[in-house]
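Coordinates in review
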There are 2 protein chains.
Amino acid sequence: METTKISHVAHLVELCANFGISKVVVSPGSRNAPLIIAFEAHPKIDLYLVHDERSAAFVALGLAEELNQPVAITCTSGSAAINYASAISEAYYRRIPLLVLTADRPIEMVDQGDGQTIRQKNLFTNFIKADFELPSFPNKEMRLISDQIVHQALDSLVTIPQGPVHINIPLTEPLYELQELESLPVFEPHRQIQPELSPIEKELIQKGWENSTKRLVLIGQLAYNSIDQNVLKGLIDDPSVAILVENTSNIQDFQKICHCIDRTLEIIQPDELADFTPDLFITFGGAIISKKIKSFFRKNKPTENWRVGQFLFVEDTYQSLSHSFDVAPETFLNYLLSLNSLPTSNFGGRWKQKDFMAKSIHDTYIQSIPFSDFKAYEVILDTLPEESNLHMANSSVVRYCQLFDPIPSVQYYSNRGVSGIDGSTSTALGLAIANQQRLNVLITGDTSFFYDSNALWNNYLPPNFRIILINNGGGGIFKILEGSNQSKQINHFVAPFQAKASAICEAFDVHYFYVNNDVDLETIFEEFYTFREDSRPCLLEIDTRAVENEKFLKIYFDKIRTSS
Amino acid sequence: METTKISHVAHLVELCANFGISKVVVSPGSRNAPLIIAFEAHPKIDLYLVHDERSAAFVALGLAEELNQPVAITCTSGSAAINYASAISEAYYRRIPLLVLTADRPIEMVDQGDGQTIRQKNLFTNFIKADFELPSFPNKEMRLISDQIVHQALDSLVTIPQGPVHINIPLTEPLYELQELESLPVFEPHRQIQPELSPIEKELIQKGWENSTKRLVLIGQLAYNSIDQNVLKGLIDDPSVAILVENTSNIQDFQKICHCIDRTLEIIQPDELADFTPDLFITFGGAIISKKIKSFFRKNKPTENWRVGQFLFVEDTYQSLSHSFDVAPETFLNYLLSLNSLPTSNFGGRWKQKDFMAKSIHDTYIQSIPFSDFKAYEVILDTLPEESNLHMANSSVVRYCQLFDPIPSVQYYSNRGVSGIDGSTSTALGLAIANQQRLNVLITGDTSFFYDSNALWNNYLPPNFRIILINNGGGGIFKILEGSNQSKQINHFVAPFQAKASAICEAFDVHYFYVNNDVDLETIFEEFYTFREDSRPCLLEIDTRAVENEKFLKIYFDKIRTSS
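Only a predicted model underlies this, so the values are computations on that prediction, with no experimental measurement involved. (Residues numbered from 1 in each chain as written. Chains lettered and ligands numbered in written order. Predicted model: local features only at pLDDT ≥ 70, side-chain atom pairs only at ≥ 80, totals over all residues. Heavy atoms only, no water.)

**Digging into the interface of chain B and chain A**
Our working rule: The contact definition used throughout considers only heavy atoms, calling two residues in contact when any of these lie within 4.5 Å. Take a side-chain nitrogen of Lys or Arg and a carboxyl oxygen of Asp or Glu: if they are within 4 Å of each other, that pair is a salt bridge. Any pair of N or O atoms that falls within 3.5 Å is considered a polar contact. Within protein, one atom must be able to donate a hydrogen and the other to accept it, and sequence-neighbouring residues count only if both atoms are side-chain atoms. A run of H or I in DSSP becomes a helix once it reaches four residues, and a run of E becomes a strand once it reaches two; helices and strands are each numbered from the N terminus. Residues are grouped as follows: nonpolar covers Ala, Val, Leu, Ile, Met, Phe, Trp, Tyr, Cys and Pro; charged covers Asp, Glu, Lys and Arg; every other residue, Gly included, is treated as polar.
The interface is formed by 88 residues belonging to chain B together with 88 residues belonging to chain A. Summed over the shared surface of chain B and chain A, the number is 6 salt bridges. If you look at where chain B meets chain A, you find 41 residue pairs in polar contact (both at pLDDT 80 or more). The dominant element in the side of chain B that touches chain A, judged by the number of residues it contributes, is helix H5 (residues 85-94) of chain B, at 5 residues. Class assignment of the residues belonging to the side of chain B that touches chain A gives a composition of 38 nonpolar, 30 polar and 20 charged.

**Focus on helix H22 (residues 549-561) of chain A**
All names here are of chain A. Rules: Every helix has an expected span of 1.5 Å times one less than the residues it contains. When a residue's accessible area, from a 1.4 Å probe over protein chains only, is under 20% of the maximum for its type it is buried; when over 50% it is exposed; and in between it is partly exposed. The reported arc concerns the directions from the helix axis to the C-beta atoms and nothing else.
Counted at 1.5 Å a residue, the expected span for H22 with its 13 residues is 18 Å, and the 19 Å between its end C-alpha atoms agrees. All of the buried residues in H22 are Asn-549, Phe-552, Leu-553, Tyr-556, Phe-557 and Ile-560. Around the axis of H22, the buried residues are gathered within 130° of arc, so they sit on the same side.

**Details of the relation of the copies chain B and chain A**
Heads up, the condition is: Superposing copies: least-squares fit, C-alpha atoms only, residues required to have pLDDT of at least 70 in both.
Between the two copies, chain B and chain A, the superposition gives an RMSD of 0.0 Å; the rotation angle is 180° and the shift along the axis is 0.0 Å. Given the turn and translation reported, the copies of this chain are related as if by a two-fold rotation axis. Among all C-alpha atoms of chain B, that of Ala503(B) lies closest to the rotation axis, at 2.6 Å. Most of the interface of chain B is mirrored in chain A, where 100% of its interface residues again form contacts.

**With respect to the pattern of salt bridges**
Residues and elements named next belong to chain A. One pass over the full model with this rule turns up 56 salt bridges over all chains. For Arg-119, the salt bridge goes to Asp-111, with nearest N and O atoms at 2.6 Å. Classification of Asp-111 by relative accessible area gives buried; the value is 13%. Linked through salt bridges whose partners overlap, the residues forming this network are Glu-266, Lys-292, Lys-554, Asp-558 and Arg-561.

**Topic: the domain arrangement of chain A**
Residues and elements named next belong to chain A. For the record, the criterion: All domain edges in this entry derive from an automatic or database-based domain assignment. When two parts are put together, the accessible area they lose, computed with a 1.4 Å probe and summed over both, is reported as buried area.
By the assigned domains, chain A splits into domain 1 (2-173), domain 2 (199-356) and domain 3 (369-561). In this structure, domain 2 and domain 3 have C-alpha centres spaced 30 Å apart. Counting residues at the interface gives 19 residues for domain 2, matched by 22 residues for domain 3. Here domain 2 packs against domain 3, burying approximately 2000 Å² in sum over the two surfaces, 52% of which is carbon and sulfur. Three residues stand out in domain 2 for area buried against domain 3, namely Asn-247, Arg-263 and Ile-289, and they jointly supply 32% of the buried area on that side. The tally of links between domain 2 and domain 3 comes to 2 salt bridges. A salt bridge links Asp-405 to Arg-263, with the nearest nitrogen and oxygen atoms 3.2 Å apart. Our enumeration of links across domain 2 and domain 3 arrives at 9 residue pairs in polar contact (both at pLDDT 80 or more).

**Comments concerning unusual backbone geometry**
Of note, the amide linkage connecting Ile160(A) to Pro161(A) takes the cis form, showing an omega dihedral of -5°. When you line up the elements, Pro161(A) lands in the loop between helix H6 (140-158) and strand E7 (165-170). Even without being glycine, Asn340(B) reaches a positive phi, approximately 50°. Within the fold, Asn340(B) resides in the loop between helix H12 (329-338) and helix H13 (347-368). In this structure Asn340(B) comes out as exposed when scored by relative accessible area, which is 65%. Although it is not a glycine, Asp509(B) adopts a positive phi angle of roughly 60°. With respect to the element layout, Asp509(B) can be found in the loop between helix H20 (501-507) and strand E19 (511-515). Taking the relative accessible area as the measure of exposure, Asp509(B) reaches 37% and is therefore partly exposed.

Structure follows, in C-alpha cells:
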C-alpha cells in the first residue's frame, strides 16, 4: 500500500484501523496532508470531507454515537484545531470516544511568526479525557515511542468512562511524499475488566434499599438499549419505586414510568411535596433536561442520594449525594434485584397517578389549541414514522418535546452534554449518515438552524435525513423562561435577522417545504417523509411567527397547576 | 438609568463605558441577560447582535481594528464561549484589544450536571493576554473587589503590547431583575509611559548600523499610518538600505521600496544570493506572508538580526535573532536617523533593480493571459476604487494579492495573526460597519466564503460592503503549494461540494453578480461598486472553475526565474 512517507503518521493510521476505527472526518489543510494521504490510502477507512471544522467534529460525534465506536477527526494547524473545541466539549460531557488528530508545525516553530501556528499542546485541556503529542522528527527509536503514544491514546478512548482524546501531531515538510508502508509493530488492545460492587458497597446498598419505603429513580440521557429491559423490568414492577425519565433516556413503559417530568411536577401541590419526596433517590444516566426536577430535589432533600454509573468525575447535581457507585447500571440493578426484597409502599403508584392526571389534561388541552409552536410539536410527534431517530435541537425544542410522551420504537437524541445550539444539525447528520436504514428527523429552531447551516455544506446529505425547522422569529426560549418578561427590550433585541431558510436549502440542494397554518400542517408530512427520487433530503419550515406562542405554554401549565 | 439589579454587572458596564468602550457585540443567551440589559441601557454603548459567537467575535475584531480602541463581546455560558476562541487567538497574535465577557453559572455549579456548563475559567489560556473571574455572589465588600478586577482587566487590554482579555462572570438567578443604577466608584486609568531606548541599546544600534554596509529592513503587517511617513522617509532615502514590505504593512513608495517579495526573490539567481544577503537585517511589524522570504533568511543568515516593536513574546522567525528592541518603531527610527550616518553602499538600489525587472516581466505577462484566477486579481486590483479598504481572505487570495504592487490610497487588511479562513468575512464586515465612509471590498475564495457565511446573518450589512468571491472549485491553495501534486488523490479529495453562492446571497438579502469570462469581468465593476438604492451590499462571483488556474501561476514564476 502506497501511503505517506512520514512513517510515524502511516503507523498511526494503521494502528487506528487495527483498533477498529473505520470512519474519519477530514477537514483538509496542507499541514495534515500526510494524515489525509494515509487515511485515504487505507482500505479499511471511510473518509468524509467536511470543510468547517466546527461542523466536522459534530458530524463525527454523531457517527461515533450511532456506530458506538470511536471516530477520528483530523484538521490542519492553527484556528482549524480551535474550531473543533465545541464538539469536543460535548463529547467529553457525554463520554463519546472522539479521536482528535490535529496537525501542527514542528514544535520549535510555535510562537516564531509562522502562519496558522498557535500553542496547540493542551488546547482542549478543560474538556479532554487525555492529551498527547507525537515527536516532531522521529528517528527509528522515536518512531517506536510514537507508536506507543498512539496505542496509549487509542486505549484511552475506549476505557470506561470513554471520552475524547487529543493527539497533537507536529509535522515537518515535505508533507506530500509517498512510500510503500513498511511492516508495523502490533499492539494488543488492553483488556478492561468491568468493575464489580465491593462487599462494603453491597452492604450499603442492601441497608439503604431495605430501610427505604419511598424510592425514586431518575434516569437521564442514555443510548438506546444501554440497560437490558428485562433487568430494568424488575425495578419497574416494584410499586414502591417511582421511575422518572426523559425521552433522552430511551426507556419507555407507559403503564409504570413517568415520562413527562415537568408536567407531572406541575400538578403536585405545595402541601403534597412531602408525600412525593423520596427517602432513597437513585440516578442513572447522563444529563437531565428538566430544571424543575433539579430545583425540586435541591429543595426537598432525600435521606439517601445514590448516583450509579461510570463517569469522568463525581457530580452532585441535586446537592444531596451520599454515594457514587462506579459500576455499570446493569451491575448495580442485578445486585439490587438479587436482594428479592418486597415492595415497601405504593410510592411509585402515587407518582404514576399524578402522571396520568397530567397526561389527561395535556391530551384535552393540546387538541384545543390553534396553530402555534406547541401545536406543531403535537402534530410532528403524532405523525412521526415509526422506527425513526428523532433529534432534538437545544433550547426550546428539546424542552417542548419533554412535554409529550415518547413514541414507541423511536430513538431520541440531543446534544445534552453541553447543550449548545451550535452543532445540532451536524450531529443529526452524522447519525443519519451512519445508519441509512432509519429515518432521521431533526426538529430545530430558527436560531439553531442558521447557526449550524454549514452542516449542509458537504457531499453526504443522505436521503433518510429530514429537518423540521420551527421558525418562531427567534429567541423563543427567552419568552418561555421565567422572569425574562421583566426586560421587554431583551425580547425585542434577541429576535434575529430573518434570513431565508428556503434559500439555504437552495444553496445546498435540499428540498424545501413550508407551512404556516393548521390545515397544511396536518397534511404535509406524508409528502415530506416520502423518499425523493434524487435522494436529496428535505426541510420543512413551520412558520409560527404570526403567533403569540408563549401564551399557549403559559395557559398549559396554569391549567395543570390548578386542576386538582 | 434603569439597569440590571446585579450590581457588580451594572458596575462593570459603567466602567467599560467610562473607559471608552463604545461598541459591544452581543450573542444572546439567558445567562448573559444581565450584561445585555446593562449594555443596552447604557447611553454611551452601541450594541450589535450576532448570534453565531464565532462570527460575532470576528466582527468585534474588525470593529476594534478600525476604531483602534477596545471592543467588547459577550455571550452565554458553555459552548457559546468556546466559539469565541478562534477570533481571540487572532486578536492575541495581532495584539488587538478584545474584551471577552463570558457569562457563567455560579462556580459551584460547574461539573454538577447543569446544562451549558463547562470549565470556563482559563478557557482561552493558550492565547489570552490576561484572564480574570468575578466573584459569584458579591456582597458590598466583594463588589469593590469585583470593580477592581474589572478595572485591572480594562487596563490590561490597552497596555502595550495590547491584546485580548477575558473576564469570566459567574451569575446567579434571578437574571432579569432591574433597578436604578447606584453611584459608582471612579477609577483613573493607569498611565503608561512609552519605553525609550537605553544607553546600552543605543550604543549597540550605533555600532551595528555603522559597521554594516548591506542593510535590509523587512516590514510585516502594520495598521495604516502606524509609522510616521516622514520618519520612514529618512530610511527609505538611504541607498544602502533595502526595504521589503508586503501590502499588509500599508507602507508604499514605488521608487525605493520592494513591494512584491515573492516575485523579486524569484529573479535572484542562486549565484547572486551572497550579494543580496544583508549583514544587518531589521524587522518591523507583525506577520510576514511570504514563505520564500522566511526560507531565504533561514538559509542565508545575516550577521545581525534586529526585531523592533512591542510584542507579547520574543520570536525568532528567521532563526538568527541577535537583539529585540521593545520600543515603538518610530522611537527606534528616530534614534537611527539621529545618527546622521552616510550611506555605506548601494545595496538597496541593487534590490530595487531586481524588483523593477520582476515588475516589468509581471506587467507583460499579466496582459497576455486569459480569464483565470490570476487574471481576475489583475482586473479586480486595476478597477478597485481609490480610498477603499481591501480585505484579503486567507489561503490563496492573500498570496495572489502579494504578486501585485499595492494601490495608492488603499488600505490592506488580512487576518494574519493565525491566518485562519474562518473569520475573514466577519472581520471585513466589522471594519465596514465601523467606517461607512470608505468602500470595504473583501476578496475571498469559495472555501473561505462558505465557511464564514454566517457573517451575513445579522442586521448590520452596510451599503459600503462588497464581496468578490473567486470560485475556482475549492482547494486552490493545494494546487499552488510546492509538492502537493505528488498526491493527485488529495487534489481530487479536497475539492468541496459546490454550494450555490447565489442562494446564500438570496438567504441574506445580498445583491448577487456573476461573471465567468474576460469580457464580463472587464465591464462588471462599475455597476458592482455603485451604491444600491436599498442600501444592501453586493457580492460578485467570479467563476474560474473551467480554468486550469495553477498553470498560469507556474508559468509566471518560470518566466521570472529564467528571465536573466
